[in-house]
Amino acid sequence: MPGGGRCPECGSAELVEDSHYSQSQLVCSDCGCVVTEGTLTTTYSDEGHLREVTYSRSTGESEQASRSQQRGLRRVRDLCRVLQLPPTFEDTAVAYYQQAYRHSGIRAARLQKKEVLVGCCVLITCRQHNWPLTMGTICTLLYADLDVFSSTYLQMVKLLGLDVPSLCLADLVKTYCSSFKLFQASASVPAKYVEDKEKMLARTLQLVELANETWLVTGRHPLPVITAATFLAWQSLRPSGRLTCSLAQFCKLASVDLPYPASSRLQELLAVLLRMAEQLAWLQVLNLDKRSVVKHIGDLLQHRHTLVRAAFRDGAVEAETREPGRQGPEQGQGEEEAAPGSSSGLPQRKRPASPAPLLPPCMLKPPKRIPPTPSVSTVTGDEDISDSEIEQYLRTPQEVREFQRAQASSQATRSVPNPP
C-alpha cells in the first residue's frame, strides 16, 4: 500500500512497503529505489544486545555509484557515439573510467578535471586500438584546456600503469588534414582555393616525410610541422593564384588555429627545398628564392631521396676526412692549375657550394650556454675538523664515551717522550 513521502530519485509519491528477506522496506514503485531499509540482526551477540543493523551493512554490499560517476560514465558513452567508435571501444573506455575513479586523487578532483577524464579514457582506448584521434579533437569536443587535458592524461596513464602507443605520423597527418575546410567551395572559401583532398594529403605526407628525414620533426610537436607542410602542399598544387596567400590567411580559410612555431617550421622546410633545388642543373639558372621554389615542389619530391643525399652530407664523416689547417695534395694542385686560367681571361666555372651537414637544428645552432660562476670556497674533504664540530655530530652516550676515550689515548701518546 502506498506510504507517505516522496522518492528522492524520481520524486514520485508512489512508495510501497515491500518485504525483503522478511524485513519491511519502503520502495518506490516507479523507479525501484529503496527509500528506507529494513533492519537485520547478524549474530547472536547482536540479538542479545538488541543491536539492529541495516541490510547493506549486514550483507557487505558496496554503495551505488555516485551521481558524479554516473554522469561521467554517460559522458564517456556519449563521446564514443559522437565519434562513431565501435562498441568494444565504448566498453573499454567505460572500464578505464571506473578504474580511474577508484583513486582518491581523481575522485576528489575538481569538476573540470573530471570532465577532462572522460576524454582521456576515450583517447587512451583509441590509441591502444590504433584509431587515429588527436588530443586537439577531444579538447575541441569537450571545450577543454589543452594543458589541463595533457596533465590529466599523463596522470591517468601513470596511475593505471597503461601502455599507450604513440600515434603514427601518417595517421596524424590524415586525421589533422581532414579537418581543414578546403575541400568544398563555400561562402568563406572561394573556388580557386578549393583543393582535392586526396592530392593534398598525398603531397603533405611527402613533405612531412622530407621534414622527418632532415631532422625537422625529431623532438618537436608534430602539428606545427604538419601545418607548414599542408600549406606548402596546398600552394604547390596551384601556385599561380596561391603564392600571395600567407600562412595566417591559409589557416583562417581552413578554419584551424595557427600554431605558434609553424612559421619557423615553414622557413626551415623552404630552406631544405632550396638546398635540394641547387642540385638540379635546370633549376640552378632560375635563381630561386623561398617563394618561387614552391612552384617546383612536385619535381623536388619526385627525386627526394637522391636530392637529399646530394644536398646534405654526414657531419661525422666530413670531420674525419678534413682537418683544420691541413691541405691535401689534390686540393693544392687544383688551386695551382686554376691560377693560370684566371689570368688568361677564360670564364671560370663557379664551384658548387659545399653541402650542409645533415644534423638536427639544435646542433647547427646550439643554444648559448651561460658560463658557470666560480664558487667562492671549494670543499675538497681534506680539511681539519675541530672538536667542537665533532661534538655536534655525537648522538648517543656510547658515541660520547668512545670519543672521550679516543681523546685520552691521543693525549697519552703525545705525552710519552721519544726514546733517545
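In this text, all values refer to a predicted model and were calculated from it rather than measured experimentally.

J.: Describe the overall build of the chain, naming the residues involved and giving the relevant values.
T.: Check the secondary structure of the chain and you find 21 helices and eight strands. For the chain, with 420 residues in total, the buried portion stands at 33%. In the chain, 57% of the contacts between residues at least 6 apart in sequence involve partners at least 24 apart. For the chain, the exposed surface amounts to about 27,900 Å²; the carbon and sulfur share of it is 52%.

J.: Tell me about the packing of helix H10 (residues 197-213) against helix H16 (residues 304-311), and please be specific about residues and values.
T.: In helix packing, the relevant descriptors are the interaxial angle and the interaxial distance, both defined with respect to the helix axes. Following both chains from N to C, one finds H10 and H16 inclined at 25°, their axes separated by 12 Å at the closest point. Taken together, the axes of H10 and H16 are roughly parallel relative to one another. As H10 packs across H16, the resulting crossing turns out to be right-handed. Within the contact between the two elements, H10 uses Gln206, Glu209, Leu210 and Glu213 and H16 uses Arg304, His305 and Val308. Grouping the amino acids of the contact of H10 with H16 by side-chain chemistry returns two nonpolar, two polar and three charged.

J.: Quick rundown of helix H13 (residues 262-277)? Include the residues and the values.
T.: Given a rise of 1.5 Å per residue, 16 residues ought to cover 22 Å, and the 22 Å separating the end C-alpha atoms of H13 matches this to within 8%. Taken together, the buried positions of H13 are Ala262, Arg265, Leu266, Leu269, Leu270, Val272, Leu273, Leu274, Arg275, Met276 and Ala277.

J.: I'd like a rundown of unusual backbone geometry, residues and numbers included.
T.: Phi is positive for Gln84, which is not a glycine, with a value near 55°. By secondary structure assignment, the location of Gln84 is in the loop between helix H3 (67-82) and helix H4 (87-101). The backbone phi angle of Asn130 is positive, close to 55°, even though this residue is not glycine. Following the sequence through the fold, Asn130 ends up in the loop between helix H6 (111-128) and helix H7 (135-142). Among the residues examined, Asn130 registers a relative accessible area of 54% and is labelled exposed.

J.: Before we move on, can you summarise the nonpolar core with the specific residues and values?
T.: As a rule of thumb, nonpolar side chains are buried together in soluble globular proteins. Ranked by internal contacts, the top residues of the largest apolar core, which has 56 residues, are Leu182, Leu232, Phe250, Leu273, Val293 and Leu300. Only helix H9 (169-177), H10, helix H11 (222-237), helix H12 (247-254), H13, helix H15 (297-302) and H16 provide two or more residues apiece to this core. In terms of residues, this core owes the most to one element, H13, which gives nine residues. Excluding residues that lie within four positions of it along the chain, Leu273 makes contacts with Leu210, Leu232, Val293, Ile297 and Leu300. Val94, Ala100, Met156 and Leu160 belong to the second largest nonpolar core, which has 35 residues in total.

J.: Any chance you could break down the state of the cysteines for me, citing the residues and the numbers?
T.: The bond known as a disulfide is covalent and runs between the sulfur atoms of two cysteines. By the definition in use, this model includes zero disulfides. In this structure Cys251 is not part of a disulfide, and its nearest cysteine sulfur, from Cys245, lies 9.1 Å away.

J.: Provide a residue-level description of the packing of aromatic side chains, including the pertinent values.
T.: Considering all chains together, one arrives at eight aromatic pairs under this definition. A ring pair is formed by Trp234 and Phe250, whose centres lie 5.0 Å apart and whose planes are at 40°; its orientation type is tilted. Taken together, the residues Trp234 in helix H11 and Phe250 in helix H12 connect sequence positions 16 residues apart. When its relative accessible area of 0% is taken as the criterion, Trp234 is described as buried. Of the residues examined, Phe250 reaches a relative accessible area of 0% and is grouped as buried. By the ring-pair criterion, three or more aromatic residues cluster together here, those being Tyr176, Phe180, Tyr193, Phe231, Trp234 and Phe250.

Definitions and cut-offs
Residues numbered from 1 in each chain as written. Predicted model: local features only at pLDDT ≥ 70, side-chain atom pairs only at ≥ 80, totals over all residues. Heavy atoms only, no water. Helix = DSSP H or I, 4+ residues; strand = E, 2+ residues; numbered from the N terminus. Buried < 20%, exposed > 50% of the residue type's maximum accessible area, 1.4 Å probe, protein only. Contact = heavy atoms within 4.5 Å. Areas by Shrake-Rupley, 256 points an atom, 1.4 Å probe, with all protein chains shown as cover. Axes fitted to C-alpha atoms, helices over the stretch in contact; angles between N-to-C directions. Parallel < 35°, antiparallel > 145°, perpendicular 65-115°, else oblique. Left-handed = near helix turned anticlockwise from the far one by under 90°. Nonpolar A, V, L, I, M, F, W, Y, C, P; charged D, E, K, R; others polar. Expected span 1.5 Å × (residues − 1). Core = buried A, V, L, I, M, F, W, Y, C linked by side-chain atoms within 4.5 Å. Disulfide = S-S within 2.5 Å. Phe/Tyr/Trp six-rings, centres within 6.5 Å; stacked < 30°, edge-to-face > 60°.

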